[in-house]
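# A closer look at the structure
Residues per chain, in single letters:
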Amino acid sequence: MQRLLIDRSTLDLIVSDGNDFLNVLNAAGLHQAANLMTAVLQQLGTDQSRLTDEDSPAAPIS
């Protein structure tokens, strides 16, 4: 799998939306999909913990 470079604020937004989606999956009783989403969120949490401000990608040059 190829990883894309994203900044911390984008990753935070993805995790927040992922948690919202996980709540929907659980509420709908879609347990297998919720388990997969939980695994994705755990990986995103690992990525968040490794990301520092210095690792954030540089802003595009205009």
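One can find the structure itself at the top, above this paragraph.
The following paragraphs examine the structure supplied in this document. (Residues numbered from 1 in each chain as written. Predicted model: local features only at pLDDT ≥ 70, side-chain atom pairs only at ≥ 80, totals over all residues. Heavy atoms only, no water.)

### Points about the overall build of the protein chain
As a reminder, the rule being used: Strands are runs of DSSP state E lasting at least two residues, helices are runs of H or I lasting at least four, and both sets are numbered from the N terminus onward. Think of it in three bands: residues with accessible area under 20% of the maximum for their type are buried, residues over 50% are exposed, and the middle band is partly exposed, with areas taken using a 1.4 Å probe on protein chains only. The contact definition used throughout considers only heavy atoms, calling two residues in contact when any of these lie within 4.5 Å.
Within the protein chain, the secondary structure is distributed over 2 helices and 0 strands. The proportion of buried residues among the 62 residues of the protein chain is 19%. The contacts in the protein chain between residues at least 6 apart in sequence include a share of 62% that link residues at least 24 apart.

### Section: helix 2 (residues 31-50)
Keep this limit in mind: One less than the residue count of a helix, multiplied by 1.5 Å, gives the span that helix is expected to have. Think of the arc as the fan of directions from the helix axis to the C-beta atoms.
The end-to-end C-alpha separation of helix 2 is 29 Å, in line with the 28 Å expected for 20 residues at 1.5 Å each. Within the sequence span of helix 2, burial applies to Ala 34, Met 37, Leu 41, Leu 44, Asp 47 and Gln 48. Buried residues of helix 2, seen end-on, are gathered within an arc of 130° and therefore sit on one face of the element. For helix 2, exposure combined with an orientation more than 90 degrees from the buried face picks out His 31, Gln 32, Asn 35, Leu 36, Gln 42, Ser 49 and Arg 50. Next to the buried residues of helix 2 lie helix 1 (8-27).

### Some remarks on the pattern of salt bridges
So the rule is basically this: By definition here, a salt bridge exists when the distance from a side-chain nitrogen of Lys or Arg to a carboxyl oxygen of Asp or Glu is within 4 Å.
Following the criterion strictly, the structure yields 1 salt bridge and no others. One salt bridge in this structure joins Arg 8 and Asp 12, with 3.9 Å as the shortest N-O distance. Here the residue Arg 8 and the residue Asp 12 both occupy positions in helix 1, the gap between them amounting to 4 residues, near one helical turn. Given the relative accessible area of 34%, Asp 12 is considered partly exposed.

### Topic: the nonpolar core
Cut-off, in case you're wondering: To form a nonpolar core, buried Ala, Val, Leu, Ile, Met, Phe, Trp, Tyr and Cys residues must be joined to one another through side-chain atoms within 4.5 Å.
Counting residues in each nonpolar core, the largest one holds 9 residues, listed as Leu 11, Val 15, Leu 22, Leu 25, Ala 34, Met 37, Leu 41, Leu 44 and Leu 51. In this view, Val 15 contacts Leu 41, Leu 44 and Gln 48; residues no more than four positions away in its chain are not counted.

### Some thoughts on helix 1
Spanning 20 residues, helix 1 covers 29 Å between terminal C-alpha atoms, matching the ideal 28 Å at 1.5 Å per step. Along helix 1, the residues classified as buried are Leu 11, Val 15, Gly 18, Leu 22 and Leu 25. Burial along helix 1 is one-sided: seen end-on, the buried residues are contained in an arc of 80°. The exposed residues of helix 1 that point more than 90 degrees off its buried face are Ser 9, Leu 13, Asn 23, Val 24 and Ala 27. Turning to helix 1, the residues buried within the fold contact helix 2. Directly beyond the C-terminal end of helix 1, a positive phi value near 75° is found at Gly 29.

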